Amino acid sequence: MMEQGHRWAGIVTCSEGGQQQVRRGGEEHATTSQTKASNLTEKGEKLKDEMDALIDEIDAVLEENAEEFVKNYVQRGGQ
Amino acid sequence: MAAPRIVGSETEYGLTVQNDPDFDSIATSLLLVNSYSSVQSLRLLWDYDQEDPLVDARGFELDEEYDVPDQQDNMAINKVLPNGARFYVDHAHPEFSTPECSNVFDLLRYEKAGERILNLSRMSANQHLPSGRTILVYKNNSDQKGNSYGYHENYLMDRRTPFQTIAEQLMPFLVTRQIFCGAGKVGAENGTDPVPYQISQRADFFETEIGLDTMVKRPIINTRDEPHANRDRFRRLHVIVGDANMSEYTTYLKVGTTLVVLQMIEDGALALNLTLDNPVQALRAISHDPTCKITVALKDGRKMTAIDIQRCFHEAACRYLERHGPCHPTFPQIVAEWGSVLERLATDPMQLHREIDWVMKLHLLLHYMERRGSDWDDPRIAMMDLQYHDIRPEKGLYYVLERSGGARRLLTEADIQRAIDDPPEDTRAYFRGQCLKKFRQQVFGVNWDSISFNLGDGPIKRIMMEDPTRGTKQHVQELLDRSQTAAELIANLVS
């Protein structure tokens, strides 16, 4: 039972993460809207960079000769 | 009151050999299952005496030949692992069946352990191949050329629940749950209408509503009545309509919500009037619409979206938990996550790009096409669709996502490692796994509901395990501790 509670932590932590963000927002109520906008832009830039890095990594690991590879992937039917 | 719910999954993996277009899939599968290191010396039989795959839950038995392999083939095809799982060759695919699990988290960690075990076997098997050739393994359900291979869930149920009731109540749930548990697929197959992308890998392959087949004319409700347990008390519901998932969260929600719905059915607490006019057509139509906005027709003339239908089940589950308490410690969170996912699907499915496989894959493909200026016809898109399911941690695109923080996880690697090594402690899999660890030289044969020993002299001794909830650590640890040999175990059991 203890273990199950522990494993639930994964999910609970995730939703708490969201609440923490809201709380942080509350603490920063003095922040000017200008800073907020620039934070948003920063966050947007960061997400874009992360996606660029991810796409580059996909190109690095993707099988070569994609067309041939996919054509040759033939399975016998199963259940 | 409902029977204690025991759950397990079976995954048939796809495979190929790089630089060997003429590879033999049966020989390669055999090599794979015989390459898992810790079982190399374990030679034992799968006990086919206990199997009835041709008995139909609707009350009749099919009169067909069922081939049982001879002893040598049997030992080569079947491996039973110390964690209680079965790793074997099914037709032309390697297949991994989890041990019996008492809750969705155990199911999840054993299914993930299966991926790791396949990869360990793959690396070991590759050493036997000529240089330049590599076995690759995929946890998906289609080769994109009209061939499908399965992912089956098994739920232990009370025999007293009429099969007809299960079939009627479960049908609309199974047809619509794909919106949060599809694995995603580029294109369409099996003569269905062309689409660039669809929600489910398997939906195109289902052709009838109900039946015994699993390989042709696949039915949404499978009637195989092979309980692998006491036939008078239990049935094993064999759900064949699901996709194999890479995402931990998706597997959790797929199996978790099904457990909740079955609990309600068994308790007589579900009487939704949601009979679909044409379930086969609805399954495909829902899969072919990643916006989740298409409506399907009900028998009573109403038209509803898959989200609306799922909301009816979800509301019933909320009411059920209010009335009956949590029922199982995992249920309140399953129902909460289920509700939250349905809301996000209704607002914008793309919000689930870290949780739900079909959205994760679609999100990745859309960004790739945007960055590389390509479209659905780009062969790299078809390659990504396949490679998302590659089980190699360094190459599989799901694992690339996981490493970059793009996949919501529920397990730690330590959870998975424990599931590779040890059986679950609270089902009969514990007894099976511990016997394999402690008396491995004397185990003669295994099936889900039996284990037999060769003591050297006299007949083979078979121990029946007809109740999947018995044989737990609590039940058998003391017995195992005071039995130093299999002969002592048998003696202690009968005394």
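Caption draft 1: Broad picture of the overall build of chain B. A tally of regular secondary structure across chain B gives 16 helices and 18 strands. Whereas a compact globule of 495 residues would reach a radius of gyration of roughly 23 Å, chain B reaches 22 Å, a difference of no more than 12%. Across its three principal axes, chain B shows a C-alpha extent of roughly 70 × 60 × 45 Å. Looking at chain B as a whole, 63% of its 495 residues are labelled buried. Across chain B, every contact between residues at least 6 apart in sequence was considered, and the portion connecting residues at least 24 apart equals 71%. Per element, the accessible surface of chain B, about 18,000 Å² overall, is 49% carbon and sulfur. Taking the average place of the 55 positive charges on the side chains of chain B and the average place of its 72 negative ones, the gap between the two points comes to 4 Å.

Caption draft 2: Here's a closer look at the sheet that holds strand 6 (residues 93-97) of chain B. All names here are of chain B. Pairing in this open sheet of six strands is antiparallel, and the strands run 4-5-6-1-8-13 from one edge to the other. In this open sheet, the two edge strands, each paired with only one partner strand, are strand 4 (78-80) and strand 13 (234-239). Pairwise comparison of adjacent strand axes, ignoring direction, gives a mean angle of 20 degrees for this sheet. Of the strand pairs in this sheet, strand 4 and strand 5 (residues 86-90) are connected by three bridges, and their pairing is antiparallel.

Caption draft 3: Representation of the pattern of salt bridges. Taken as a whole and judged by the stated rule, the model has 44 salt bridges over all chains. The salt bridge involving D52 of chain A is made with R371 of chain B; its shortest N-O contact spans 2.4 Å. Within this pair, whereas D52 of chain A is found in helix 2 (residues 33-61), its partner R371 of chain B is found in helix 10 (residues 357-372), the two belonging to separate chains. Relative accessible area serves as the criterion here: at 24%, R371 of chain B is assigned to the partly exposed category.

Caption draft 4: Inspection of the interface of chain B and chain A at higher detail. On the side of chain A, 32 residues touch chain B, which itself brings 63 residues to the contact. Interface of chain B and chain A: buried area, both sides summed, is about 4,200 Å²; carbon and sulfur atoms make up 60% of it. On inspection of chain B and its partner chain A, the count reaches five salt bridges. In this structure, R372 of chain B engages D59 of chain A in a salt bridge whose closest nitrogen and oxygen atoms are separated by 2.6 Å.

Caption draft 5: Highlighting the sheet that holds strand 16 (residues 443-447) of chain B. Residue and element names in this part refer to chain B. Across the sheet, four strands lie side by side as 3-16-17-18; this open sheet has mixed pairing. Edge positions in the sheet fall to strand 3 (45-46) and strand 18 (461-464), since each of these pairs with one other strand and no more. Alignment of strand 17 (residues 450-453) against strand 18, held across four bridges, turns out to be antiparallel. Counted as the bridge partner of S450 is M464 from strand 18. Across the sheet, helix 16 (residues 486-494) lies against strand 17 and strand 18, angled at about 55 degrees from strand 18, the strand it touches most.

Caption draft 6: Representation of the domain arrangement of chain B in the model. All names here are of chain B. Segmenting chain B into domains produces domain 1 (7-417) and domain 2 (420-494). Each of domain 1 and domain 2 has a C-alpha centre, and the two are 30 Å apart. Buried area between domain 1 and domain 2, both sides added, is near 2,800 Å², and the carbon and sulfur share of it is 52%. The tally of links between domain 1 and domain 2 comes to four salt bridges. Residues R428 and E100 are paired through a salt bridge, measuring 2.7 Å at the closest nitrogen-oxygen approach. Counting across the interface, domain 1 meets domain 2 through 18 residue pairs in polar contact (both at pLDDT 80 or more). For the side of domain 1 that touches domain 2, the secondary-structure elements that each account for two or more residues are strand 3, helix 3 (104-126) and helix 13 (413-421). Counting residues per element, the side of domain 1 that touches domain 2 draws most heavily on helix 3, which supplies five residues. For the side of domain 1 that touches domain 2, a count of residues per class yields 17 nonpolar, 13 polar and nine charged.

Conventions and cut-offs
- Residues numbered from 1 in each chain as written.
- Chains lettered and ligands numbered in written order.
- Predicted model: local features only at pLDDT ≥ 70, side-chain atom pairs only at ≥ 80, totals over all residues.
- Heavy atoms only, no water.
- Helix = DSSP H or I, 4+ residues; strand = E, 2+ residues; numbered from the N terminus.
- Rg over C-alpha atoms; globule rule 2.2 N^0.38 Å.
- Buried < 20%, exposed > 50% of the residue type's maximum accessible area, 1.4 Å probe, protein only.
- Contact = heavy atoms within 4.5 Å.
- Areas by Shrake-Rupley, 256 points an atom, 1.4 Å probe, with all protein chains shown as cover.
- Lys, Arg positive; Asp, Glu negative; His and termini not counted.
- Charge placed at Lys NZ, Arg CZ, Asp CG, Glu CD.
- Pairing = 2+ DSSP bridges.
- Axes fitted to C-alpha atoms, helices over the stretch in contact; angles between N-to-C directions.
- Salt bridge = Lys/Arg side-chain N within 4 Å of Asp/Glu carboxyl O.
- Buried area = accessible area lost by both parts, 1.4 Å probe.
- Domains from an automatic or database assignment.
- Polar contact = N/O pair within 3.5 Å; in protein donor to acceptor, adjacent residues only side chain to side chain.
- Nonpolar A, V, L, I, M, F, W, Y, C, P; charged D, E, K, R; others polar.

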